[in-house]
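Summary of structural features
The residues making up each chain are set out below.
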2 protein chains.
Amino acid sequence: MNKSTKTKISNAVIKRLPRYRRYLKELQRKGVDKISSGELGVLIGYTASQIRQDLNNFGGFGQQGYGYNVNSLYNEISAILGLDKAYKIVIIGAGNLGQAIANYTSYFKAGFVVCGIFEVNPRLIGLKINDIEVMDYEKLVSYVEENQIDMGIICTYKDSAQDVADKLSFAGVKGIWNFAPVDIEVPERVALENVHLSDSLHSLAYYINKNQKKE
Amino acid sequence: MNKSTKTKISNAVIKRLPRYRRYLKELQRKGVDKISSGELGVLIGYTASQIRQDLNNFGGFGQQGYGYNVNSLYNEISAILGLDKAYKIVIIGAGNLGQAIANYTSYFKAGFVVCGIFEVNPRLIGLKINDIEVMDYEKLVSYVEENQIDMGIICTYKDSAQDVADKLSFAGVKGIWNFAPVDIEVPERVALENVHLSDSLHSLAYYINKNQKKE
DNA sequence: TTAAATTATTAACTAATGTAACAAAAATAA
DNA sequence: TTATTTTTGTTACATTAGTTAATAATTTAA
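All values reported here derive from a predicted model rather than from experimental measurement. (Residues numbered from 1 in each chain as written. Chains lettered and ligands numbered in written order. Predicted model: local features only at pLDDT ≥ 70, side-chain atom pairs only at ≥ 80, totals over all residues. Heavy atoms only, no water.)

**Topic: the sheet that holds strand 4 (residues 112–119) of chain A**
Hydrogen bonds between backbone groups are what pair the strands of a sheet, and the pairing can be parallel or antiparallel. Residues and elements named next belong to chain A. The strand order across the open sheet built from seven strands is 5-6-4-3-7-8-9, with neighbouring strands paired in mixed fashion. Edge positions in the sheet fall to strand 5 (128–129) and strand 9 (191–194), since each of these pairs with one other strand and no more. Pairing analysis gives four bridges linking strand 7 (residues 151–154) to strand 8 (residues 175–178), with the strands arranged parallel. Residue pairing in the sheet places I153 in a bridge with W177 of strand 8. The sheet contacts of helix 7 (residues 140–147) involve strand 3 (87–92), strand 4 and strand 6 (132–136), and relative to strand 3 the element is tilted by about 175°. (Pairing = 2+ DSSP bridges. Helix = DSSP H or I, 4+ residues; strand = E, 2+ residues; numbered from the N terminus. Contact = heavy atoms within 4.5 Å. Axes fitted to C-alpha atoms, helices over the stretch in contact; angles between N-to-C directions.)

As structure tokens, this is what we get:
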């Protein structure tokens, strides 16, 4: 029995996994081939105990008296995150953010394949952004269905976001990455990750002012 | 005595404030002028109790038997977040992301004034992006000092991010918004907000696969 | 064969979060 | 004016999540 099916894995753990992975990648790059939870803890800034516990949610990747093998742990974490597969993606909204995300994702993220960008603005339809075709938003649903797209990235204004999410969900995507500054509703089977940039900026403003009140 | 000085306000509360503010803005737009914690709770999806408790961290903005005045609550929350002031900003990195953030911030975020973009690539220096000058990265520190810049946005590759953060901190910014996929260190007096897009995308990949294992 | 290192796992602890309850205040209606 | 209703402010309680500590088991290396 797979461990991950036994107990629910907390959100905090999942959010730490990409971070572990980043540090492991770096160690790999440096040619380090084994590491103990203690050493890794110093590096990342977690306690050794937490690292062992986090990893043990998914199974015993380490070995007593030895530690963790950097390469295999990197691969294990990648597999847990599902980064050993490829994902077909569409972006909705060909504005500044949509374009930036298109470039960002297709250049830097092996495994995330941007197949098309959808737009309502007729002046943008037909253009190519980084070799990716900008298509008519009207064709979104049929395109997603026919090409078995896995994921949609919402880069529209907030007023359109829910409509986009509905169409994507209807057409069968498995996940939505939402950049519109609004809370959208999706069916339970669809995974949703929000990147609320304005919320992030606003909380930064708070912390800037709080620091100055020097508590 | 101001309430906010009494007790430390939890991070979760701060992170909810921009959300409250978004919904209040929407109510304002619809011409609603008062709302009870109960109604707001239904709207946002929190319990009435939590909303009252959150708001009471900062003082009593409501009135028994009446509820909360939408306009004044919106203004109060804005003030708590520090959104009643203006912030002078520089962006470091004029790549796709830097450009998108430059446009995003200067178009949509009143109060956040992008004063300059800094770059190492000589082919970009001297250009104007959305009326904002792209300057030589060498001049970052003196520019920030002379113009009393409040905030820096890091849109570089990960290898340069710490150097940028050091320069910004040295030059006296009060906050850093970091988009580079790396953990950077800043002095305590500098507020730091990370937007780790790749981490976010990777956790989305996890949830996509988890959903399919249909727990 | 023994000692040292280090994980896996259980247990204990701490902090954060959320909910409930109710007195106090204001608004409304009689 | 007075009673009733509404709704907050505030305290207390309960629950959950997250973290750290402790220890038994295993491996490595001397």
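Moving on from the model shown.
**Structural notes on the packing of aromatic side chains**
Residues and elements named next belong to chain B. Enumeration over the complete set of coordinates arrives at ten aromatic pairs over all chains. R16 extends its terminal NZ or CZ atom over the ring of Y46, reaching a point 5.8 Å from the ring centre. Seen from the ring of Y66, K34 lies directly overhead, with NZ or CZ sitting 5.0 Å from the centre. (Phe/Tyr/Trp six-rings, centres within 6.5 Å; stacked < 30°, edge-to-face > 60°. Lys NZ or Arg CZ within 6 Å of the ring centre and 35° of its normal.)

**A few points about the relation of the copies chain A and chain B**
Screw-axis analysis of chain A against chain B gives a translation of 0.0 Å along the axis, an RMSD of 0.1 Å, and a rotation angle of 180°. Seen this way, the second copy is the image of the first under a two-fold rotation axis. In terms of proximity to the rotation axis, the leading residue of chain A is A:A100, whose C-alpha is 3.1 Å off the axis. (Least-squares fit on C-alpha atoms with pLDDT ≥ 70 in both.)

**Topic: the sheet that holds strand 8 (residues 175–178) of chain B**
Residue and element names in this part refer to chain B. Spatially, 5-6-4-3-7-8-9 is the arrangement adopted by the seven strands of the open sheet, whose pairing is mixed. Here the strands that pair on one side only, and so sit at the sheet edges, are strand 5 (128–129) and strand 9 (191–194). In terms of strand pairing, strand 3 (residues 87–92) meets strand 7 (residues 151–154) through four bridges, oriented parallel. Counterpart to I92 in the pairing with strand 7 is I154. The sheet contacts of helix 8 (residues 158–171) involve strand 3, strand 7 and strand 8, and relative to strand 7 the element is tilted by about 175°.

**Quick word on the side chain of B:N178**
Relative to the elements of secondary structure, B:N178 occurs in strand 8. In this structure, B:N178 is in contact with B:I154, B:I184, B:L192, B:E193, B:N194, B:V195 and B:H196, ignoring residues within four places of it in sequence.

**Quick look at the pattern of salt bridges**
Oppositely charged side chains can pair when the atoms bearing their charge come close. Under the counting rule described, the total for this entry stands at 16 salt bridges over all chains. B:D183 is the partner of A:R22 in a salt bridge, and the nearest nitrogen-oxygen pair spans 3.2 Å. Taken together, the residues span two chains, with A:R22 in helix 2 (residues 11–29) and B:D183 in the loop between strand 8 and strand 9. Of the charged contacts in the structure, one is a salt bridge between B:D54 and B:R16, with a shortest N-O distance of 2.7 Å. Of the two residues, B:D54 is situated in helix 4 (residues 48–56) and B:R16 in helix 2 (residues 11–29); the sequence distance between them amounts to 38 residues. Judged by its relative accessible area of 3%, B:D54 falls in the buried class. One continuous salt-bridge network, built from bridges that share partners, spans A:R19, A:R22, B:D183 and B:D199. (Salt bridge = Lys/Arg side-chain N within 4 Å of Asp/Glu carboxyl O. Buried < 20%, exposed > 50% of the residue type's maximum accessible area, 1.4 Å probe, protein only.)

**Notes on the pairing of strand 6 (residues 132–136) of chain B**
All names here are of chain B. Bridge count between strand 4 (residues 112–119) and strand 6: three bridges; the pairing is parallel. Within the sheet, the bridge partner assigned to F118 lies in strand 6 and is M135. Sheet analysis places strand 5 next to strand 6, joined by two bridges and oriented antiparallel. In the strand pairing of strand 6, K128 is matched with E133. The turn joining strand 5 and strand 6, which pair antiparallel and follow one another in sequence, is formed by two residues; a positive phi near 55° is taken by N130.

**With respect to unusual backbone geometry**
Residue and element names in this part refer to chain A. Of note, the phi angle at D131 is positive, near 70°, even though the residue is not glycine. Here D131 is to be found in the loop between strand 5 and strand 6. Positive phi values are uncommon outside glycine, yet Q148 reaches one of about 50°. Accessibility expressed as a relative area gives 62% for Q148, which makes it exposed.

**Describing the interface of chain A and chain B**
Of the residues lining the interface, 64 residues belong to chain A; the matching set on chain B comes to 63 residues. Three residues, A:L201, A:H202 and A:Y206, lead the burial of chain A against chain B; their summed loss comes to 12% of the area buried on that side. Applying the counting rule to chain A against chain B returns six salt bridges. Put simply, B:R19 and A:D183 hold a salt bridge, and the shortest N to O gap is 3.1 Å. In this structure, the connection of chain A to chain B is made through 26 residue pairs in polar contact (both at pLDDT 80 or more). (Buried area = accessible area lost by both parts, 1.4 Å probe. Polar contact = N/O pair within 3.5 Å; in protein donor to acceptor, adjacent residues only side chain to side chain.)

**Observations regarding the domain arrangement of chain A**
Once the domains are mapped, chain A shows domain 1 (3–80) and domain 2 (87–199). Taken over C-alpha atoms, the centre of domain 1 of chain A sits 32 Å from the centre of domain 2 of chain A. (Domains from an automatic or database assignment.)

**Things to note about the environment of B:E76**
With respect to the helices and strands, the residue B:E76 is situated in helix 5 (residues 70–81). Separated by 86 residues in the primary sequence, B:E76 and B:Q162 place their C-alpha atoms 35 Å from one another.

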